[in-house]
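What follows is the residue order along each chain.
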Amino acid sequence: MNIYNKRIDSVKNILIQNNLDGVYVSNLTNIRYLTGFTGSAALLLIVNDECYFLTDGRYTEQSKTQVKNCKIFIVSNSYLEIIKKSDLIPKKSKIGFETLHITHNSFLHLSNVLSHVDFFPLENTIEQIAAIKDKVEIENLKHAIEITDQVFDDIIPELKVGAIEKRIAAKISYLFKMHGADGDSYDPIIASGRLGALPHAQPSEKNFENGDFVVMDFGALYNGYHADMTRTILIGSSTDQHKEIYEAVLSSQMAGIAAAKAGITGQKLDRVCRDVIKNAGYGNQFIHSTGHGIGLEVHTLPRISAFNTKPLLKNNVITIEPGIYIEGWGGVRIEDDCLINEDSCTPLNRSTKELLILN
């Protein structure tokens, strides 16, 4: 049995538990997870023991190559009309749909065209299955992370007074592809000096200056899987404040790594990291959650935040990324991608977390 059949079997088990006959999958990330299809237009329908994959003529050959576990329909007009015309869903079937991935208008159209079907909302059902990574996914993530680490090594010599944020970001994107990545996991964040106080700053024309912390948040995309790493380096001379804030963030991150394991809730892990920064006197400057899952999307389940009371599970892969942000001065964030084990977690990044002071 291939990995995609196993994943669909996991979905079917959830459907049985919820007394449903099938599920209407419209989210392309979830379709890729369940079939391997990497195109930009598709629909997946699982009904009882059948699996139907619908796409358009642009993907005739691609779907034949990638989709091995479904009956394929090449559609020239409406997916829903083909479903109705081909009687793919028996009358009075109970079919789940992805509430987070369908607009209200789309649902009204769905329920109107397929009026013989009873639709039931499902939230994050496939995402919860996908949060537990299989061996293939872990290897893809590890490779994406290895590329990310290598690019950090390569870019260090260019981090100096006068370097321009946008050019460093562009070089990182170039190096990812040169090292075999599909591209960027997301647009790199390169934020120097006062701009480091913006957690999601966009690279600008600003030059690196003496005394700037530079927050560097970037990751490689490999075979659809997203790495996500942050390192903060210092340009030129350091002060006691630089060292104090960097040490507080590093201590917080290391405490999170030490605490992370199967069974701890996202809420508790968030608190572990937050308490360290709070005790250092910067609690109000830690302004985002501690982390998130990664996989076929860069932000996915599980969430490492005060709002997640569910336990982490073995083979979740998460980020642990506390930070301190001071308006008008700058910021520090340190982030690793971590594999959750039964009694521990394994940081997958090898890039140094010592404070690099570069000229």
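Just above, that's the structure.
Nothing here was measured: the structure is a model prediction, and the numbers come from that model.

Draft legend 1. Main features of the overall build of the protein. Helices and strands together make up the secondary structure of the protein, namely ten helices and 20 strands. In terms of C-alpha radius of gyration, the protein reaches 23 Å, essentially the compact-globule figure of 21 Å for 359 residues. Taken over the C-alpha atoms alone, the protein extends approximately 70 × 40 × 40 Å along its principal axes. Excluding contacts between residues fewer than 6 apart, the proportion of contacts in the protein whose partners are at least 24 apart in sequence is 66%. Carbon and sulfur atoms make up 49% of the accessible area of the protein, which totals about 16,300 Å². Each charge sign in the protein was given a centre, from 36 positive and 43 negative side chains, and these centres are 4 Å apart.

Draft legend 2. The arrangement of unusual backbone geometry in detail. Note the cis peptide between Leu301 and Pro302, where omega equals 0 degrees. One can find Pro302 in strand S14 (residues 300-304). A positive phi angle is found at Asn19, which is not glycine, with a value near 55 degrees. Tracing the backbone through its elements, the reader meets Asn19 in the loop between helix H1 (3-17) and strand S1 (22-25). Classification of Asn19 as exposed rests on a relative accessible area of 53%. In this model, Asn223 sits at a positive phi of 55 degrees, which is unusual for a non-glycine residue.

Draft legend 3. How the structure looks around the packing of helix H9 (residues 240-259) against helix H10 (residues 266-279). Across the interface, H9 lies against H10 with an axial gap of 8 Å and an inter-helix angle of 155 degrees. One finds that H9 runs roughly antiparallel with respect to H10. Seen along the crossing, H9 lies across H10 with a hand that is right-handed. Taking contact as the criterion, the partners of Ala248, Ser251, Ser252, Ala255, Gly256 and Ala259 in H9 are, on H10, Leu269, Val272, Cys273, Val276 and Ile277. Taken together, the residues of the contact of H9 with H10 sort by class into eight nonpolar, three polar and no charged.

Draft legend 4. Quick look at the pairing of strand S6 (residues 118-122). Pairing of strand S5 (residues 94-98) with S6 involves five bridges; the strand directions are parallel. Within S6, the residue paired with Glu98 across the bridge is Leu122. Of the crossover connections in this fold, the one passing from S5 over helix H5 (residues 104-113) to the parallel S6 is right-handed.

Draft legend 5. A look at the pattern of salt bridges. Going through the model one piece at a time under the given rule, you end up with 14 salt bridges. A salt bridge links Lys64 to Glu61, with the shortest nitrogen-to-oxygen separation between them at 3.7 Å. Of this pair, Lys64 and Glu61 both sit in helix H3 (residues 60-66), three residues apart, roughly one helical turn. Notably, a salt bridge pairs Asp153 with Arg350, separated by 2.8 Å at the nearest N-O pair. Remark: Arg350 occurs in the loop between strand S19 (345-347) and strand S20 (357-358) and Asp153 occurs in helix H7 (residues 135-155); sequence separation between them is 197 residues. The exposure class assigned to Asp153 is partly exposed, which follows from its relative accessible area of 32%. Members of the salt-bridge network, linked through shared partners, are Arg7, Asp134 and Glu137.

Draft legend 6. Main features of the sheet that holds strand S2 (residues 43-47). Reading across from one edge, S4-S3-S2-S1-S5-S6 is the order of the six strands in this open sheet, with mixed pairing throughout. Strands with a single pairing partner mark the edges of an open sheet, and in this sheet they are strand S4 (71-74) and S6. Direction aside, neighbouring strands of the sheet carry axes that sit 25 degrees apart on average. One ladder, built from three bridges, connects S1 with S5; its direction is parallel. Residue Gly22 lies in a different strand from S5, and its bridge partner there is Ile95. Against the sheet, helix H2 (residues 28-35) engages S1, S2, strand S3 (50-55) and S5, with an angle of about 60 degrees to S2.

Draft legend 7. Structural context of the pairing of strand S8 (residues 189-192). What you see with S8 is no split at all: Ile189 and Ala191 on one side and Ile190 and Ser192 on the other are buried throughout. Where S8 lies against strand S9 (residues 213-218), four bridges are found, and the strand directions are antiparallel. Residue Ser192 lies in a different strand from S9, and its bridge partner there is Val214.

Draft legend 8. Region of the structure containing the side chain of Ser192. Among the secondary structure elements, Ser192 is positioned in strand S8. Within the structure, the side chain of Ser192 is placed 2.7 Å from the side chain of Glu165, a separation counted as a polar contact. Dropping the residues within four chain positions of it, Ser192 is found in contact with Glu165, Lys206, Asn207, Phe208, Asp212, Phe213 and Val214.

Draft legend 9. Highlighting empty space enclosed by the protein. For the structure shown, the criterion picks out one cavity of 30 Å³ or more. By volume, the largest cavity amounts to about 80 Å³. Lining the largest cavity are 13 residues, with Glu98, Leu122, Thr125, Ile126 and Glu127 positioned closest to its centre. Looking at the lining of the largest cavity, the elements that each hand over two or more residues are H1 and helix H6 (125-130). The leading source of residues in the lining of the largest cavity is H6, at three residues. Per-class residue counts for the lining of the largest cavity are six nonpolar, four polar and three charged.

What counts and how
Residues numbered from 1 in each chain as written. Predicted model: local features only at pLDDT ≥ 70, side-chain atom pairs only at ≥ 80, totals over all residues. Heavy atoms only, no water. Helix = DSSP H or I, 4+ residues; strand = E, 2+ residues; numbered from the N terminus. Rg over C-alpha atoms; globule rule 2.2 N^0.38 Å. Contact = heavy atoms within 4.5 Å. Areas by Shrake-Rupley, 256 points an atom, 1.4 Å probe, with all protein chains shown as cover. Lys, Arg positive; Asp, Glu negative; His and termini not counted. Charge placed at Lys NZ, Arg CZ, Asp CG, Glu CD. Buried < 20%, exposed > 50% of the residue type's maximum accessible area, 1.4 Å probe, protein only. Axes fitted to C-alpha atoms, helices over the stretch in contact; angles between N-to-C directions. Parallel < 35°, antiparallel > 145°, perpendicular 65-115°, else oblique. Left-handed = near helix turned anticlockwise from the far one by under 90°. Nonpolar A, V, L, I, M, F, W, Y, C, P; charged D, E, K, R; others polar. Pairing = 2+ DSSP bridges. Right-handed = clockwise from strand over helix to strand, strands pointing away. Salt bridge = Lys/Arg side-chain N within 4 Å of Asp/Glu carboxyl O. Polar contact = N/O pair within 3.5 Å; in protein donor to acceptor, adjacent residues only side chain to side chain. 1 Å grid on protein atoms, 1.4 Å probe; cavity = no way out; pocket = protein on both sides within 12 Å on 5 of 7 lines; lining within 4 Å. Points joined across faces, edges and corners; volume = space filled by probe spheres on them.

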